[in-house]
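Survey of secondary and tertiary structure
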Amino acid sequence: MIDAEMIKADLISLDTRDFYIKYIVKSKYWYFSDYLEIPSDEVIDVLDRFKEIVSEHFNISFHSLQLVGSAKTGFSLSPNKLLTPFHDESDTQKSSDIDIAIISERLYQYYWDKMRQTEKIQYKRFYQQLTASIFRGYINDKVLMEIPPIRAEWLAVVAPINKLLQDELMIVHPITYRIYRSWEDLEEYQIIGIEKTKKCLEG
């Protein structure tokens, strides 16, 4: 079982990309194996169903998605939430999210084009946030949800996904999505975050 001390030791000792490969690309899916306690002989089938549901509704390749964040490892790798364990909602904090990365240049370009066609003044408050993410090759679902002309279309895609993940796989935590232009953009984003976290640990 992966624990915070093991992750901390690897953050300090491993090359950043080696850490990314071990914990984001190769590591088991903590949420399924530890939180949901799916038996080891069943977890692959559950993961396949998870990928099947998401990929079919987004019309992307079966392998064009990745679970990231604390649901992947059990602990946050964000420098702002240094090794905070995945948690349920309490009186003092909201529950952790299930963070799903969608890797699709087609979807990235589609939603970027739709956002560029949105010219109403109330959306200018998103300009800095949006351009910063576009520059780094991703689009957050929170931005899509804040733009009325796009919100309904986005919900029509993700609402059935979220319902199936809840009904079939018992995923009860909030689900967030981020669309990446490429696997390289996902890797770069993760590595930048890991490097910041390493620096925090190293003092």
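Quick look at the structure, then. What you see is a predicted model; the values in this text were computed from it and never measured.

Rules behind the numbers
- Residues numbered from 1 in each chain as written.
- Predicted model: local features only at pLDDT ≥ 70, side-chain atom pairs only at ≥ 80, totals over all residues.
- Heavy atoms only, no water.
- Pairing = 2+ DSSP bridges.
- Helix = DSSP H or I, 4+ residues; strand = E, 2+ residues; numbered from the N terminus.
- Axes fitted to C-alpha atoms, helices over the stretch in contact; angles between N-to-C directions.
- Contact = heavy atoms within 4.5 Å.
- Expected span 1.5 Å × (residues − 1).
- Buried < 20%, exposed > 50% of the residue type's maximum accessible area, 1.4 Å probe, protein only.
- Arc of directions from axis to C-beta.
- Polar contact = N/O pair within 3.5 Å; in protein donor to acceptor, adjacent residues only side chain to side chain.
- 1 Å grid on protein atoms, 1.4 Å probe; cavity = no way out; pocket = protein on both sides within 12 Å on 5 of 7 lines; lining within 4 Å.
- Points joined across faces, edges and corners; volume = space filled by probe spheres on them.
- Core = buried A, V, L, I, M, F, W, Y, C linked by side-chain atoms within 4.5 Å.

Right, let's talk about the sheet that holds strand β2 (residues 98–103) for a bit. A sheet is described by the order of its strands in space; here 4 strands give the open sequence β1-β2-β4-β3, paired in mixed fashion. A strand with exactly one partner marks an edge of an open sheet, and here the two such strands are β1 (65–68) and β3 (138–140). Averaged over all neighbouring strand pairs, the angle between strand axes comes to 25 degrees, with direction disregarded. By the bridge criterion, 4 bridges tie β1 to β2 in an arrangement that is antiparallel. Bridged to V68 within β2 is D99. Along the sheet, helix α4 (residues 43–58) makes contact with β1, β2 and β4 (175–180), crossing β1 at roughly 125 degrees.

For the rest of this paragraph, the subject is α4. An ideal rise of 1.5 Å per residue puts 22 Å on 16 residues; α4 measures up with 23 Å between its terminal C-alpha atoms. What α4 keeps buried is the set V43, V46, L47, F50, K51, I53, V54, S55 and F58. Buried residues belonging to α4 abut α3 (30–35), β1, β2, α6 (105–116), α9 (148–169) and β4. In the segment just after α4, N59 is the residue with positive phi, at about 55 degrees.

With that settled, the discussion passes to helix α2 (residues 16–26). Within the sequence span of α2, burial applies to T16, F19, Y20, Y23 and I24. Burial along α2 is one-sided: seen end-on, the buried residues are contained in an arc of 100 degrees. In this fold, the buried residues of α2 make contact with α1 (4–13), β1, α5 (70–73) and α10 (183–202). In this structure D15 caps α2, since a side-chain oxygen of it lies 3.0 Å from the backbone nitrogen of R17.

Looking now at the layout of surface pockets. In this approach the atoms are scanned with a rolling probe the size of a water molecule, which exposes any empty space left behind. Estimated volume of the largest pocket: approximately 1100 Å³. S78, K81, D99, R178 and Y189 are, among the 36 residues lining the largest pocket, the residues nearest its centre. At the level of elements, β2, β3, α8 (141–145), β4 and α10 are the ones that each hand at least two residues to the lining of the largest pocket. The greatest single-element share of the lining of the largest pocket, amounting to 6 residues, is contributed by α10.

Secondary-structure assignment places Q109 in helix α6. When its relative accessible area of 34% is taken as the criterion, Q109 is described as partly exposed. Sequence spacing of Q109 and Y180 is 71 residues, and the spatial spacing of their C-alpha atoms is 9.8 Å.

The next point concerns the nonpolar core. Counting 41 residues, the largest nonpolar core has F32, F50, F58, I100, I102, L165 and Y177 as its most contacted members. With sequence-adjacent residues up to four places away left out, F50 is seen in contact with Y29, F32, L65, L67, I100, L165, L169 and I171. I2, I7, L11 and F75 belong to the second-largest nonpolar core, a separate cluster that totals 19 residues.

Within β2, 5 of the 6 residues are buried, which leaves it mostly tucked inside the rest of the structure. The pairing of β2 with β4 spans 6 bridges and is classified as parallel. Bridge pairing in β4 links I102 to I179.

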